[in-house]
Amino acid sequence: MKSSHLSVFSRLSSRVTVPVAALTLAGLAATGCAPSTSDNSSDKDEKSGKLRVWLFQEVNNAPKKKVIDEAVAGFEKEHDGTEVEVAYIPIDTRAQKIKAAFNDPKSAPDVIEYGNTDTAGYVKDGGLLDISKEFGAWGDSTNIDPTAKYTLTIGGKVYGAPLFVGVRALYYRTDVFKDLGLEPPTTQDELIATAKKIRSQRSDLYGLAVGGAYTYGAMPFIWANGGDLAGEKGKFGSNEYEAAIDSANAQKGVKAYTSLFGNDNCPAAKCAQWGGNDTIEAFASGKAGMAIGGDFSRQAIEAGKVKGKYKVVPLPGVKKGDIAPAFAGGNNVGVLKSTTHRTLAVDLLQTLSGKQTQRKLYDAMGFLPTFTDVRGDVAQKDPFLKPFVKTLNDSAKFVPASPGWAAIDAQLVLPTMFQEIVSGRKNVETATKDAAKKMDEAFQQ
């Protein structure tokens, strides 16, 4: 979420963007660097007593707290002799706090909220409980979308339940498009050409706001061209990866994205340092014709100068009619290995992440549900969501489910690669090969 990632996401919205910061540099760096924990697994399964829960503190936490309080009250009513204590922890220091909990069962909660890219690292650290059996027996789990389930699955085992998901699509200025006689682009080539046409006819605007540090905005270009960040070694689910960013198809995507940095769209001198927050701020302030933003960017854009002057469509793929795959961010809820209330903790997890709670969290906070049926219902009531839901249903993807991803993100491997290219310091081939080498080193740690 920052000009690393932490700040990039945290200022976008008081809704989904703050927890999506669980994908960010400050927390990931701490997660990736901390020492491994000892085995603090508990063999107790007490059927009553106090359960402690740690959830993320939102910028505006009151609506979230209200929903959680209602869910907890219902849980306590159904489980006699049980008390649930919920604490809301700061995003910025969550990694250190959760790591300390892994090492000190006496102070640890039973249930935690965590960023979905943190799963692999927390499993490696020995902090999360394998709940594969309970997840499989949970009737609601059949409606959880496959990408959300993938973010929970390490080595074929399930370590939690998804709480919400966020994905990106293409925001565009309806007034600018009307004035210039433009239609929403339907292919990646059209997108690039449209961006440059806007810039050529409206020199006061960036055609498509892009950022050299906006990794999650660049990923769709790589994926749409058939490339990938990394590939699994061995059978699917091995969670052992090797870099693929230097493959021919990935390089096509990198070239497409970096072609947007220049005086004919978004000058490198300005845009090379931008992260996702900067691109949304440019669009919201009326300085860009298009931007790649999330469903969670809505509040920030509505608060800007372009309110009522924009629409959203899925980010186009290479071929007409294709949707560029987008990163499925979001948060999960898990049970700690050290819990002495396994059965109750899993029941509470299912209450906090269940359909009823997710529906209420959407109404209160705008958090997009991970259940396909619930998400379909809310999209029917709010047409704004349809491009995001279509993207999630058709082409959402995730980063490598490896503890090494935390180090890759913390070391800014991909932003550095993009910036080296747009600055002219390295060509695409050299920059991607150098990035791949750094990624492989991280995967092997």
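Per an unreviewed UniProt entry, the protein goes by Extracellular solute-binding protein and derives from Streptomyces niphimycinicus. What UniProt records for the protein under Sequence similarities (unreviewed entry) is the sentence "Belongs to the bacterial solute-binding protein 1 family."

Asker: Would you explain the pairing of strand E2 (residues 82-89) in this entry?
Answerer: Two strands pair when backbone bridges link them, and strand E1 (residues 49-56) and E2 are joined in this way by 8 bridges, in the parallel orientation. Across the sheet, the residue bridging to Val53 is Val86, located in E2.

Asker: Help me out: how do you make sense of the nonpolar core in this one?
Answerer: Generally speaking, soluble globular proteins have nonpolar side chains that are buried together. Grouped together as the largest cluster of nonpolar side chains are 141 residues, with contacts concentrated most on Leu208, Leu229, Ile245, Met290, Met417 and Met439. Each of domain 1 (49-166 + 329-395) and domain 2 (168-324 + 411-444) gives at least three residues to this core.

Asker: Help me out: how do you make sense of the state of the cysteines in this one?
Answerer: As used in these notes, a disulfide is a covalent bond between sulfur atoms, one from each of two cysteines. One pass over the structure, following the stated rule, counts 1 disulfide. Paired through a disulfide, Cys266 and Cys271 show a sulfur-sulfur distance of 2.0 Å. An S-S torsion of about -85 degrees defines the bridge between Cys266 and Cys271 as left-handed. Comparing Cys266 with Cys271, the two get one shared label, buried.

Asker: Before we go on, may I ask you to explain the side chain of His79 in this structure?
Answerer: Mapped onto the fold, His79 is located in the loop between helix H4 (62-78) and E2. One polar contact links the side chain of His79 to the main-chain carbonyl oxygen of Phe75, over a distance of 2.8 Å. Excluding its chain neighbours within four sequence positions, the residues that come into contact with His79 are Leu344 and Asp347.

Asker: It is not clear to me how the packing of aromatic side chains should be interpreted in this structure. Could you clarify?
Answerer: Within a pair of aromatic rings, the relevant descriptors are the distance that separates the centres and the angle that separates the planes. Within this structure, the stated rule accounts for 20 aromatic pairs. Relative to Phe371, the ring of Trp138 has its centre 6.1 Å away and its plane inclined at 85 degrees; by these criteria the two rings are edge-to-face. Taken together, the residues Trp138 in the loop between helix H7 (132-137) and helix H8 (146-150) and Phe371 in the loop between helix H17 (355-365) and helix H18 (372-381) connect sequence positions 233 residues apart. Residue Phe371 is classed as buried on the basis of its relative accessible area, which comes to 0%. Among the aromatic side chains, those forming a connected cluster through ring pairs are Tyr171, Phe283, Tyr310, Phe384 and Phe388. For Lys97, the ring lying beneath its charged end belongs to Trp54, and the centroid distance is 4.7 Å.

Asker: Could you clarify how one ought to interpret the sheet that holds strand E11 (residues 288-294) in this entry?
Answerer: Picture the strands of a sheet paired through backbone hydrogen bonds; they go either parallel or antiparallel. What the 4 strands build is an open sheet, ordered E8-E11-E7-E12; its pairing is mixed. Strands at the two margins of the open sheet, each flanked by one partner only, are strand E8 (206-209) and strand E12 (310-313). Across the sheet, the mean angle separating the axes of adjacent strands is 20 degrees when strand polarity is ignored. Alignment of E8 against E11, held across 3 bridges, turns out to be parallel. Each residue of the ladder has a partner; that of Leu208, found in E11, is Met290. Its contacts with the sheet put helix H10 (residues 188-201) on strand E7 (168-173), E8 and E11, and the angle it makes with E8 is roughly 140 degrees.

Asker: I would appreciate a short explanation of the pattern of salt bridges in the present structure.
Answerer: Counted under the stated rule, the structure contains 21 salt bridges. Measuring nitrogen to oxygen at the nearest pair gives 3.4 Å for the salt bridge that ties Lys196 to Asp264. Of this pair, Lys196 sits in helix H10 while Asp264 sits in the loop between helix H12 (248-258) and helix H13 (268-271), and the two are 68 residues apart along the sequence. Since its relative accessible area comes to 26%, Lys196 is described here as partly exposed. Judged by relative accessible area, which is 35%, Asp264 ranks as partly exposed. Of the charged contacts, one joins Lys397 and Asp228 as a salt bridge, the two residues approaching to 3.5 Å between their closest N and O atoms. Taken as a pair, Lys397 in the loop between helix H19 (386-395) and helix H20 (404-410) and Asp228 in the loop between helix H11 (215-224) and strand E9 (230-232) lie far apart in primary sequence, 169 residues in all. Here Asp228 falls in the partly exposed class, since its relative accessible area comes to 26%.

Criteria and cut-off values
Residues numbered from 1 in each chain as written. Predicted model: local features only at pLDDT ≥ 70, side-chain atom pairs only at ≥ 80, totals over all residues. Heavy atoms only, no water. UniProt positions renumbered as here; feature names shortened; annotations may be inferred. Pairing = 2+ DSSP bridges. Helix = DSSP H or I, 4+ residues; strand = E, 2+ residues; numbered from the N terminus. Core = buried A, V, L, I, M, F, W, Y, C linked by side-chain atoms within 4.5 Å. Buried < 20%, exposed > 50% of the residue type's maximum accessible area, 1.4 Å probe, protein only. Domains from an automatic or database assignment. Disulfide = S-S within 2.5 Å. Polar contact = N/O pair within 3.5 Å; in protein donor to acceptor, adjacent residues only side chain to side chain. Contact = heavy atoms within 4.5 Å. Phe/Tyr/Trp six-rings, centres within 6.5 Å; stacked < 30°, edge-to-face > 60°. Lys NZ or Arg CZ within 6 Å of the ring centre and 35° of its normal. Axes fitted to C-alpha atoms, helices over the stretch in contact; angles between N-to-C directions. Salt bridge = Lys/Arg side-chain N within 4 Å of Asp/Glu carboxyl O.

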